[in-house]
Amino acid sequence: MITKKQGKSGFTLIELLVVIAIIGVLASIVLASLNTARRKSRDVRRITDVKQIQLALELYFDGEGSVYPTASPTCDATNQYGLGALKTEGYIPQVSRDPLSSGVNYCYMYGTPASGAITLYHLGAVLEEAGNPALTGDSDFDGTAYTNPFHGTSAGVSQLCTATAGTAQGLAGATETCYDVRP
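Computed from a predicted model, the values in this text were never measured in an experiment.

Each value, and the rule that gives it
Residues numbered from 1 in each chain as written. Predicted model: local features only at pLDDT ≥ 70, side-chain atom pairs only at ≥ 80, totals over all residues. Heavy atoms only, no water. Phe/Tyr/Trp six-rings, centres within 6.5 Å; stacked < 30°, edge-to-face > 60°. Helix = DSSP H or I, 4+ residues; strand = E, 2+ residues; numbered from the N terminus. Buried < 20%, exposed > 50% of the residue type's maximum accessible area, 1.4 Å probe, protein only. Core = buried A, V, L, I, M, F, W, Y, C linked by side-chain atoms within 4.5 Å. Contact = heavy atoms within 4.5 Å. Patch = residues over 30% accessible without salt bridge, like charges linked within 9 Å, V, L, I, M, F, W, Y side chains within 5 Å. Areas by Shrake-Rupley, 256 points an atom, 1.4 Å probe, with all protein chains shown as cover. Salt bridge = Lys/Arg side-chain N within 4 Å of Asp/Glu carboxyl O. Expected span 1.5 Å × (residues − 1).

**Section: the packing of aromatic side chains**
Argument step 1. Within the structure shown, the criterion is met by three aromatic pairs.
Argument step 2. Aromatic side chains tyrosine 68 and tyrosine 121 sit 4.7 Å apart centroid to centroid with 75° between the ring planes, which places their arrangement in the edge-to-face category. In this pair, tyrosine 68 sits in the loop between helix H1 (13-63) and helix H2 (84-88) while tyrosine 121 sits in strand S2 (residues 120-126), placing the two residues 53 residues apart along the sequence.
Argument step 3. Taking the relative accessible area as the measure of exposure, tyrosine 68 reaches 4% and is therefore buried.
Argument step 4. A residue is classified by how much of its surface remains accessible, and tyrosine 121, at 0% relative accessible area, is buried.

As structure tokens, then:
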């Protein structure tokens, strides 16, 4: 007859290792999902920021004699990436910044047709998710009538926006990640 010692119960080393491995696998799945959700959330913020800036540009256009604000020849921080006039004239409380970097703004460049009045603009931001449905309805930059050539890059990011929808634009290897708008 076999007798058991009472009061001596516990887990074996193998059982503990199996439980730790299962917890590790579940944690990695959750973290991977969380990273995707974070990227999508930052893209939603970028699109919302671009839409708010676009609204402020239209308010500026209506209030300042049917012209858009001028921007520096290069999209740089000295002129708040071309959007400083919106803040100083009170059309926007602050110039939006990219969610990944507090020092990076969205790039705005204006265009002048033959009349010489600033009645065109191009505003762009590079998204992180190439499958974002907003990319199918944006205005892919065509480059015409712009005195200051703008390649559609989000300021501080050297990702090119081109005229052809669905071509390699934005982040390397992506189908298209450059979200851009025009009036």
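What follows picks up the thread again.
**Description of unusual backbone geometry**
Argument step 1. The residue serine 66 is not glycine, and still its phi comes out positive at about 60°.
Argument step 2. Along the chain, the position of serine 66 falls in the loop between H1 and H2.
Argument step 3. Judged by its relative accessible area of 42%, serine 66 is partly exposed.

**Quick notes on the nonpolar core**
Argument step 1. Membership of the largest hydrophobic core comes to 26 residues, with the highest contact counts inside it found for Ile53, Leu57, Leu86, Tyr108 and Leu123.
Argument step 2. If you list the elements that add at least two residues to this core, you get H1, strand S1 (107-111), S2 and strand S3 (178-181).
Argument step 3. Among the elements that make up this core, the one with the highest residue count is H1 (seven residues).
Argument step 4. Once you skip the residues sitting within four places of it in the chain, leucine 57 turns out to touch Tyr68, Pro69, Leu86, Tyr108, Tyr121 and Leu123.

**Details of a nonpolar patch on the surface**
Argument step 1. Nonpolar side chains collect at one region of the surface, where Ile14, Val18, Ile22, Val25, Leu26 and Ile29 lie side by side and expose about 570 Å² of accessible area between them.
Argument step 2. Checked against the element boundaries, valine 18 lands in helix H1.

**A look at H1**
Argument step 1. Over its 51 residues, H1 extends 74 Å from the first C-alpha to the last, a length consistent with the 75 Å expected when each residue adds 1.5 Å.
Argument step 2. Buried within H1 we find Asp43, Arg46, Ile47, Asp49, Val50, Ile53, Gln54, Ala56, Leu57, Tyr60 and Phe61.
Argument step 3. Buried-residue contacts for H1 involve H2, S1, S2 and S3.
Argument step 4. Immediately downstream of H1, the backbone of glycine 65 shows phi near 85°, a positive value.

**Comments concerning the pattern of salt bridges**
Argument step 1. Within this structure, the stated rule accounts for six salt bridges.
Argument step 2. Across the pair glutamate 128 and arginine 42 runs a salt bridge, and its minimum N-O distance is 2.6 Å. Of this pair, glutamate 128 sits in the loop between S2 and S3 while arginine 42 sits in helix H1, placing them 86 residues apart in sequence.
Argument step 3. With its nearest N and O atoms 2.9 Å apart, the salt bridge here joins arginine 46 to aspartate 43. One end of the pair, arginine 46, and the other, aspartate 43, are both in helix H1, three residues apart, so they sit about a helical turn from each other. Take arginine 46 and aspartate 43: they sit in the same class, and that class is buried.
Argument step 4. Through salt bridges with shared partners, a single ionic network connects Arg42, Asp43, Arg46, Asp98 and Glu128.

Geometry only, nothing functional implied.
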